[in-house]
Amino acid sequence: MLPSISRQFVSSVVPIAAGFLVGMLFVTMLGRFESKWALAFILLVAGVAAMQLLRIFRVSLQDTYLLSAAFLMPVVYDINFFYQDNPPFFVSANGFGINAADVFMGMLVGQRLLEGFFGQVRAEQAVPSSLLWIMGAVLLINSLSLVTTPFPFFAISMIWAQLKAYVVFYYIAGNVRSEKLLQRLAYVIVTVLAGQGLVALEQKFVGAIFTAERLGIATTLQSQVGGQILTRVSGTFGQPNALAMFINQLFFIGLFTTLIENNTKYKILMALGLAVALIAEIFTASRGGWVALVAAFFVCYLLWNKQRGRGLLLSLVSVGFVSLLAFSLLFVSSQTLRDRLLLDDHGTADVRKPLMDVAFNVIQQNPLSGVGLNQYTYFMAQYDRTLEAIASNYLYPVHNTYLLVAAETGVPNILLILLFITLVLWRGLKLFLRADGIVAAMTLGAIGGIISWMIHNLVDLTSIYEAYPFWVLFGLIIAMDRMVPLQAEPGQLSDPQASRRVLR
């Protein structure tokens, strides 16, 4: 701790001098740089000032910041520095974007660093060493693309997204420490799902509020099925598959926390919110999303019953009956579901096969290094041996995240990523089987969300580093894994103060 005279200096003289300096710099920036740089500077200064005020008045809002970041996950507005208009080929990351959720996460990380600098918190190893080594290896492999690819800027753009994902994961893993925060996070997640559901319903039936002009992104996608045009909604994500994937990643946390909710009013409200999200899922008309949701539900249902001592056969029969009943009701009541499943999609699904053939050619000829991070579409025409000449007619990457990663950065890299996911899922499974209450519900929900992402990305091309909820789920599993042994086995604690330090 700083001596009292130093604290007084920090809380009085320094803010005045800093304010004067900040004012001069702001005026200078307005005259010489683009407005987005000035805005970013204002946000940075505001965040630092807010953290200093909290320190002076001894008020901690870390949980509020974290919940705010979770609430803002679907917000697509951002400040994208160095964004390049009209890139020469399709890229998944372009520039150094900072959105609203990033701002809150940055404030959290900054506050944590300041607390560590002033000696208020003791540094802890939040993440198992095995996971840290894998994360470091993946980052190193991706960084090699900076010296081997013709367009290193786009590789740097993806690495920026990767670093942000790492920060989210590491912070949540080390700082989510109470069941109260978990419960509040569950409420926020259900609220976010309901919000996206309402946005999607407005886009489907009204189309006057959440429009493309106001959001700055596409809100619907027209797909031809049979002899008609099907309108697919996108929420605030700009693409129906992205909305479906987002809903799937968070849906299971909402589902299982609703099942254990003790407050009847809250349970009803949460159930209604999830129902709205499911309706939105249907209107995305994302077949990959539907399959991923059903498959993940099947796995989670079996685990839920196993923890409660129910037999496998009974669980299989019951989940089969529930799935058949739900599918029958949806099939009868939803024309969107019927059309998407039964009518001709005019080659939308067929395009994936030649795209995969091209990806396999890229991997076979570049198995160790790939063609470069975020560079796939620049090179894919060179490896196109398909009869359809697909690379000349379809300028987007293969719709399979695993093949895309292997083609861009090599087979060893995708194996490391899969190893990371497997280790986290294994920890989550062991945690779920020994936990109870909100921890068990959140853990199973996180497992379901990760599984749904993995299945959906067999037919989609989401960047693993730009899937914000994905890294939130990873972080929650590691965080809860650190919590439960102290709760479930208190007899092993020799220091009663240790429990309060970890679970505060």
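Residues numbered from 1 in each chain as written. Predicted model: local features only at pLDDT ≥ 70, side-chain atom pairs only at ≥ 80, totals over all residues. Heavy atoms only, no water.

Scanning the protein for helices and strands turns up 23 helices and four strands. Burial status across the protein gives 48% buried among its 504 residues. Considering only residue pairs separated by 6 or more positions, the protein has 73% of its internal contacts joining residues 24 or more positions apart. (Helix = DSSP H or I, 4+ residues; strand = E, 2+ residues; numbered from the N terminus. Buried < 20%, exposed > 50% of the residue type's maximum accessible area, 1.4 Å probe, protein only. Contact = heavy atoms within 4.5 Å.)

With that out of the way, let us pick up the pattern of salt bridges. This model, assessed by the stated rule, comprises four salt bridges. The residue Asp102 makes a salt bridge to Lys164 at a minimum N-O spacing of 2.7 Å. Of the two residues, Asp102 sits in helix α5 (residues 100–117) while Lys164 sits in helix α8 (residues 152–175), which places them 62 residues apart along the sequence. Exposure remark for Lys164: the relative accessible area of 23% places this residue in the partly exposed category. With a shortest N-O distance of 2.5 Å, Asp481 and Arg434 are connected by a salt bridge. You can see Asp481 sitting in helix α22 (residues 468–488) and its partner Arg434 sitting in helix α20 (residues 411–434), a full 47 residues away along the chain. Exposure remark for Asp481: the relative accessible area of 14% places this residue in the buried category. By sharing partners, the salt bridges in this structure join Arg427, Arg434 and Asp481 into a single network. (Salt bridge = Lys/Arg side-chain N within 4 Å of Asp/Glu carboxyl O.)

Our focus in this paragraph is the packing of helix α9 (residues 179–205) against helix α12 (residues 264–284). Interhelical geometry of α9 versus α12 gives an angle of 45° and a closest axis separation of 8 Å. What the angle tells us is that α9 and α12 run oblique. For the crossing formed where α9 meets α12, the hand is left-handed. Contacts between α9 and α12 pair Tyr187, Val190, Leu193, Ala194, Gln196, Gly197, Leu198, Ala200, Leu201, Lys204 and Phe205 from the former with Tyr266, Met270, Gly273, Leu274, Val276, Ala277, Ile279, Ala280 and Phe283 from the latter. (Axes fitted to C-alpha atoms, helices over the stretch in contact; angles between N-to-C directions. Parallel < 35°, antiparallel > 145°, perpendicular 65-115°, else oblique. Left-handed = near helix turned anticlockwise from the far one by under 90°.)

Here Ala391 lies in helix α18 (residues 390–393). Taking the C-alpha atoms as reference points, Ala391 and Pro354, 37 residues apart in sequence, are found 8.9 Å from one another. Residue contacts for Ala391: discarding those within four places in its chain leaves Met380, Ala381 and Asp384.

On to the packing of aromatic side chains. Taken as a whole and assessed by the stated rule, the structure comprises 26 aromatic pairs. Ring geometry for Phe151 and Tyr378: centres 5.1 Å apart, planes at 70°, overall edge-to-face. Placement of Phe151 in the loop between α7 (145–148) and α8 and of Tyr378 in helix α17 (residues 376–379) is noted, with a sequence separation of 227 residues between them. A relative accessible area of 24% means that Phe151 is categorised as partly exposed. With a centroid separation of 5.4 Å and 80° between ring planes, the pair formed by Phe205 and Phe283 is classed as edge-to-face. Note that Phe205 is positioned in helix α9 and Phe283 in helix α12, a separation of 78 residues in sequence. (Phe/Tyr/Trp six-rings, centres within 6.5 Å; stacked < 30°, edge-to-face > 60°.)

Moving on, we come to the environment of Ile159. Relative to the elements of secondary structure, Ile159 occurs in helix α8. A sequence separation of 13 residues divides Ile159 from Leu146, and the C-alpha atoms of the two residues are 9.7 Å apart. Apart from residues no more than four positions distant in its own chain, Ile159 is found in contact with Leu139, Asn142, Ser143, Leu146 and Leu373.

All right, on to unusual backbone geometry then. A positive phi angle is found at Phe82, which is not glycine, with a value near 65°. Notably, Asn86 is not glycine yet its phi reads approximately 50°, a positive angle. Within the secondary structure, Asn86 is located in the loop between β1 (78–81) and β2 (96–99). Relative accessible area serves as the criterion here: at 74%, Asn86 is assigned to the exposed category.

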